[in-house]
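Understanding the architecture of this molecule
The chain contents come next:
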Amino acid sequence: CNAPEQSEGFSVRGRAGRVQAARVKSFAMQAAPPELAQQLAAAQAGGMGGGMPTQQDVQAANEKKAQQEAAREEMLSRLLDPDAKERLSRIALVKPDKARRLEDMVLGMARQGRLQQRLDDTMLKNMLEQISAGEEDSKAKSKIAIDRRRYADDDSDGEIDLSDL
């Protein structure tokens, strides 16, 4: 096996070169974050070679995401009263991130088995107040206060002397 082989864009010689390339791949997958390692493993298994996703891959991912969203909406419809569902849809129009957090809270409570009945409007309002209180606490913690000290002899921009005109 003296002739060089082409393997994934690298010129390797014989079995030793293939073993070296396998070691490099193994090390790269160990050093990569878990999400990237899974993507690399899937790409190698699928024969993609690490290139850009194909149009079919993008379409399949979009369909999977749409199915997950439909399942999420169906689950929320089962967990919420019609009044609560209407309130949540109105919140989603104005503040989609807050509505998403509220939905996540409801679904999390359902997964943990903490919901014994459908959520009504008043329960949803209480959960919304919890989310809003959490936001206010985080805003208060991250608020930057600028304290501009003024001295008696300091000419500030607010005091313009117009007597010399």
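The structure presented is a predicted model; accordingly, all values stated were derived computationally and were not measured.

Should the charged atoms of two oppositely charged side chains come close, the side chains can pair. With the rule as written, the count across this model stands at eight salt bridges. Of the charged contacts in the structure, one is a salt bridge between Glu69 and Arg100, with a shortest N-O distance of 3.2 Å. Linking Glu69 in helix α3 (residues 55-79) with Arg100 in helix α5 (residues 96-111), this pair joins segments that are 31 residues apart in sequence. Judged by its relative accessible area of 29%, Glu69 is partly exposed. Salt-bridge contacts for Lys85 lead to Glu73; the nearest nitrogen and oxygen are separated by 2.9 Å. With Lys85 in helix α4 (residues 82-94) and Glu73 in helix α3, the pair connects residues that are 12 residues apart, well separated along the chain. When salt bridges with common partners are traced through the structure, they connect Arg72, Glu103 and Asp104 into a single cluster.

Axes are the key here: two packed helices are described by the angle between their axes and the distance separating the axes. In the contact formed by α3 and α5, the axes pass within 11 Å of each other and the chain directions differ by 70°. On the basis of their axis angle, the class for α3 and α5 is roughly perpendicular. Touching Glu69, Arg72, Glu73, Met75, Leu76 and Leu79 of α3 are Arg100, Glu103, Asp104, Val106, Leu107 and Ala110, all from α5. The residue inventory of the contact of α3 with α5, partitioned by class, reads six nonpolar, no polar and six charged.

Rules of the game
- Residues numbered from 1 in each chain as written.
- Predicted model: local features only at pLDDT ≥ 70, side-chain atom pairs only at ≥ 80, totals over all residues.
- Heavy atoms only, no water.
- Salt bridge = Lys/Arg side-chain N within 4 Å of Asp/Glu carboxyl O.
- Helix = DSSP H or I, 4+ residues; strand = E, 2+ residues; numbered from the N terminus.
- Buried < 20%, exposed > 50% of the residue type's maximum accessible area, 1.4 Å probe, protein only.
- Axes fitted to C-alpha atoms, helices over the stretch in contact; angles between N-to-C directions.
- Parallel < 35°, antiparallel > 145°, perpendicular 65-115°, else oblique.
- Contact = heavy atoms within 4.5 Å.
- Nonpolar A, V, L, I, M, F, W, Y, C, P; charged D, E, K, R; others polar.

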